[in-house]
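Listed below, chain by chain, are the residues.
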Amino acid sequence: MARYNPKEVEPKWRAAWARADVFRAREESDRPKYYALEMFPYPSGHLHVGHARNYAMGDVNARFRRARGFEVLHPMGWDAFGLPAENAAAERNVDPAQWTLANIEAMREELGRLGLSLDWSREFATCDPAYYGRQQAWFLMLLRRGLAYRREGVVNWDPVDMTVLANEQVIDGCGWRSGAPVERKKLTQWFLRITHYADELLEGLTALDRWPDKVKLMQENWIGRSRGLRLRFDFAGDGPADGLTVYTTRPDTLFGASFLAIAPDHPLAEQVAAADPAARDFVARCRQGGTAAADIETAEKLGFDTGLKVAHPFDSYKLLPVWIANFVLMDYGTGAIFGCPAHDQRDLEFANKYGLPVIPVVLPPDADPATFHVKREAYVGPGRLYNSQFIDGLGIEAGKAAAIARAEAEGRGEGATVYRLRDWGVSRQRGWGCPIPMIHCGACGVVPVPDADLPVRLPTGLDFSRPGNPLARHPTWKHVACPACGGAAERETDTLDTFVDSSWYFLRFTDPAAPGPVNPIAADHWMAVDQYIGGIEHAVLHLLYARFVTRALRDEGLVTVSEPFAGLFTQGMVTHETYRRQNGDWVEPAAVTIRNEGATRRALITETGEPVVIGDAEKMSKSKRNVVAPADVADVYGIDATRLFVLSDSPPDRDVQWTTAGVEGVWRLINRIWNEFDSQPPGPPAPGEPDAAALALRRAAHRTIKAVTDAIDGFRFNSAVARVHEFVAVLRAAPAEGASPALIAARHEALSALARLINPFAPHLAEEAWERLGETGMVATTPWPVYDPALIAEEEKVLPVQIDGKRRGEVRAPAGASDADVRDIVLADPEIARRLDGLTVRKLIVVKDRIVNLVTG
């Protein structure tokens, strides 16, 4: 019996796929289209098995759909601009373009070793002028429609790197690269008017029925549409004649107001600061921190009493102090709020800190108004209004409506809809990015670059040795003639946020050679992406920006779809133990030997025997040096073992911990599978008289076909691999040696199906097994196996499903299915999932082949 040798097998089949150009997507095909896509990588130079899991999941889906009769577009490219290349340029004195392209070459080779079914003919990098030049073209389209514009805005400013930072790049109030305290700074920059589509982006979420609910909720909260009241407070004594306007979503609590607070960037705060050094110092301290709402919300609440007072709009005898507060954002509402400490935890913390009154105005059900008090925890639940004059006794919603109506009737305010979503600031003071195609002329102002002059290419020889934007100090690049008057002018030296680069790449993949940004015919054919796969960390910004840009380009007539991604799957992470020397330095797993001494595990540096500390399993990251390269695993077990492990160890939406023992277990499975093919006589078997053993094997094979098909279709990859594992055990119990002709024929049928079933997971093994079996062609181009309903019909059971004792549906499961399998089937059922929305399953009880009970609480 020949031993399975992945070092020979895997390169052999990758070469065969390349020669046959198997994975090229063809628009002219008469097969229905399917667009499979994973979030494209940053070319850092090396893959780890966390990357492998993401791309293996996408490959399972792409190979499965291709076998099911679809013409599959499964492209790959590179998100190539960004700070890591600038860091490398500064640290190594290299050109960022050369560094990036070298990394792309290395990672392309590593991705190739994964056996991914990618159409490499569509490859591009966002740093290619052919790509970013088309990006500049659609930027100018949006400029002409008023969707791109320039204004002064408050940004995160790193005073050391001298650049704007995105909120995600501010860590504990400091720049993620420099470590310097970040400042809030007013800067003139470019914006994209995403708020123009706020309602459509929010309402479009309802149609995304193949998106995770948690992602849709995160986007809904980020857009943050709220209905409330804009209300004017008049100053008592000094203060602007037009008063101070606040926005509130809780006008029902107005009679609980004990102060007003304005943002440090509010014009009134700047007025006060100009006249009062103490106020000026306070505002300066507030600017020592990022602009992220989440960070501001969790920071210590700080304030400065301006000494100004306003009259309560519904009770002119009640005067309220006006404070400058660090937790109020200028770009939400009006940049001013009224504080109701009894019913807002943030306001309560502020009031308790500065000794301001706490006045309850919402009475909880069954509470006594004479004794109800709020001290450390604001009351935000239901109740009736009291201490509130004309809205006493009303419920919360009725109180809101009554307060809005009174404010409007008295000319003090108006009902308004406000969004948390802000326009997208896209300017970055960085050299390795897409140049913004604008020119500054002293005579003409800011002038767009003519379309005929695109792309505006980055210059070579940028100097990254000093902080700041090297484009701004390049000796020649920025100097240009004004396209309007011909006079001396300068290019815009800001570049576009790299999120812009990734906001439309999926459209460019439909025709990377299109002369315009998008080929409408190709985009109409392939879009929307049928299945998008990526990390939950991109749930808001990248996905929201992509949805916005798709709509903006739709309105330019370049695409017909509104939603770019019909289906979205967010995969879990691959984790690994971390190891540290006694001095705290991280140590790579490859340098560590683990010894099991009874119940104790010890870790030693292999070369020196120095003991190291075993830490928690955490997401693989270069910073903690706990990465494992797929190539290192492939050298020992083959790449299919890597793919199988990351796909089989846990559900794909959950984290998986990488262990050597886990990979060794998968390696044993691969060899068991190979042994079954190697022991089977090759070629079509002679027909034989049917017997019980052959029929039983055929039934098991067709049950497995159905189970694996359903599992892959439902993204339960670990369940699919488990069913394969079980079926291999059935095959081993029915060996070819000494078998009847009917059983030999049944084994051939079963193994033919098995090779196709494992193809999405272990494609190299599948091809070698297919060839060993004597089948023609390649598995990669062979249709998916189809089960015979007659062979599984009597083997299926209909199981009623009860939730907390009430029947809520039913599912079908193979007779004798394990509790774990039944659990997977039940929890994947759409109707049961709908019934469980908002509930927590505490217990799931399976009465085999009869009923399933779920207990929630």
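Being a predicted model, the structure only gives us computed values, none of them experimental.

Asker: Looking at this model, I keep getting lost on the environment of Ser178. Mind explaining?
Answerer: Of note, Ser178 is situated in the loop between β6 (174–175) and β7 (183–192). In this structure the C-alpha to C-alpha distance between Ser178 and Pro467, which are 289 residues apart in sequence, comes to 9.9 Å. Residue contacts for Ser178: discarding those within four places in its chain leaves Asp158, Val160 and Asp161. Of note is the side chain of Ser178, whose polar atom sits 3.1 Å from the backbone nitrogen of Ala180.

Asker: When you look at the pattern of salt bridges in this model, what are you seeing that I'm missing?
Answerer: Where side chains of opposite charge bring their charged atoms close, a pairing between them can arise. One pass over the full model with this rule turns up 51 salt bridges. One salt bridge in this structure joins Arg225 and Glu203, with 3.2 Å as the shortest N-O distance. With Arg225 in the loop between α7 (213–223) and β8 (226–235) and Glu203 in helix α6 (residues 198–204), the pair connects residues that are 22 residues apart, well separated along the chain. Arg225 sits in the partly exposed class, given a relative accessible area of 38%. Judged by relative accessible area, which is 44%, Glu203 ranks as partly exposed. Residue Arg287 pairs with Glu270 through a salt bridge whose shortest N-O separation is 3.5 Å. Of the two residues, Arg287 sits in the loop between α9 (277–286) and α10 (293–298) while Glu270 sits in helix α8 (residues 267–275), which places them 17 residues apart along the sequence. Beyond isolated ion pairs, a larger network of salt bridges with shared partners links Arg145, Glu200, Arg547, Arg551, Arg554, Asp555, Glu556 and Glu563.

Asker: Can you walk me through the sheet that holds strand β33 (residues 806–814) in this structure?
Answerer: Strand pairing in a sheet relies on backbone hydrogen bonds, with the paired strands running either antiparallel or parallel. Strand order in this open sheet of 4 strands is β33-β32-β35-β34, and the pairing throughout is mixed. With one partner strand each, in any of the chains shown, β33 and β34 (841–847) form the two edges of the open sheet. Each strand of the sheet is rotated relative to its neighbour by a mean of 20°, with strand direction disregarded. Strands in contact with helix α25 (residues 819–828) are β32 (796–803), β33, β34 and β35 (851–856); relative to β33, the strand with the most contacts, it is inclined by about 125°.

Asker: How do you make sense of the packing of helix α17 (residues 630–637) against helix α18 (residues 639–648) when you look at a structure like this?
Answerer: Each pair of packed helices can be described by the angle between their axes along with the distance between the axes. Between α17 and α18, the least distance of the axes is 7 Å, while the angle of their chain directions is 115°. Touching Pro630, Val633, Ala634 and Tyr637 of α17 are Ile639, Ala641 and Thr642, all from α18. Among the residues forming the contact of α17 with α18, the class breakdown is 6 nonpolar, 1 polar and no charged.

Asker: So what exactly am I meant to see when it comes to the pairing of strand β11 (residues 303–312) here?
Answerer: A large share of β11 lies buried, amounting to 7 of its 10 residues. Taken together, the 7 bridges between β11 and strand β12 (residues 315–325) define a ladder with antiparallel strand orientation. Bridge pairing links Phe304 to Ile324 in β12. Where β11 folds back on β12, the antiparallel hairpin that results is connected by 2 residues.

Asker: How should the sheet that holds strand β22 (residues 488–491) be read in this particular structure?
Answerer: Taken together, 4 strands build an open sheet; the order of strands is β20-β19-β22-β21 and the sheet is antiparallel. A strand with exactly one partner marks an edge of an open sheet, and here the two such strands are β20 (445–448) and β21 (479–481). Strand-to-strand twist of the sheet, defined as the mean angle between neighbouring strand axes without regard to direction, takes the value 40°.

Asker: For this particular structure, what's the right way to read α8?
Answerer: Within an α-helix, residues lying three or four positions from one another point in the same direction, as the helix has 3.6 residues per turn. Taken as a whole, α8 has its buried residues at Leu268, Ala269, Val272 and Ala273. In a view along the axis of α8, the buried residues occupy a sector of 135°, so they form one face of it. Projecting away from the buried face of α8 at angles above 90 degrees are the exposed residues Gln271, Ala274 and Ala275. Its buried side turned inward, α8 meets β8, β9 (244–248), β10 (259–262), α9, β11 and β12.

Asker: Help me out: how do you make sense of the pairing of strand β30 (residues 611–619) in this one?
Answerer: Residues in a regular strand project their side chains so that they alternate between the two faces of the sheet. Of the strand pairs in this sheet, strand β26 (residues 574–580) and β30 are connected by 5 bridges, and their pairing is antiparallel. By the bridge assignment, Tyr579 is partnered in β30 with Ile614. Count of turn residues in the strand β29 (residues 600–605)/β30 antiparallel hairpin: 5 residues, of which Gly609 carries a positive phi of about 80°.

Asker: Sorry if this is basic, but what is going on with helix α4 (residues 96–113) here?
Answerer: For α4, spanning 18 residues, the distance from its first C-alpha to its last is 26 Å, which sits close to the expected 26 Å at 1.5 Å a residue. All of the buried residues along α4 are Pro96, Trp99, Thr100, Asn103, Ile104, Met107 and Leu111. Projected onto a plane normal to the axis of α4, the buried residues spread over an arc of 135° and lie on a single side. Exposed side of α4, more than 90 degrees from the buried face: Gln98 and Glu109 are the residues found there. Residues of α4 that are buried sit in contact with α2 (49–67) and α3 (83–92). Following α4 by one or two positions, Gly115 has its phi on the positive side, about 75°.

Each value, and the rule that gives it
Residues numbered from 1 in each chain as written. Predicted model: local features only at pLDDT ≥ 70, side-chain atom pairs only at ≥ 80, totals over all residues. Heavy atoms only, no water. Helix = DSSP H or I, 4+ residues; strand = E, 2+ residues; numbered from the N terminus. Contact = heavy atoms within 4.5 Å. Polar contact = N/O pair within 3.5 Å; in protein donor to acceptor, adjacent residues only side chain to side chain. Salt bridge = Lys/Arg side-chain N within 4 Å of Asp/Glu carboxyl O. Buried < 20%, exposed > 50% of the residue type's maximum accessible area, 1.4 Å probe, protein only. Pairing = 2+ DSSP bridges. Axes fitted to C-alpha atoms, helices over the stretch in contact; angles between N-to-C directions. Nonpolar A, V, L, I, M, F, W, Y, C, P; charged D, E, K, R; others polar. Arc of directions from axis to C-beta. Expected span 1.5 Å × (residues − 1).

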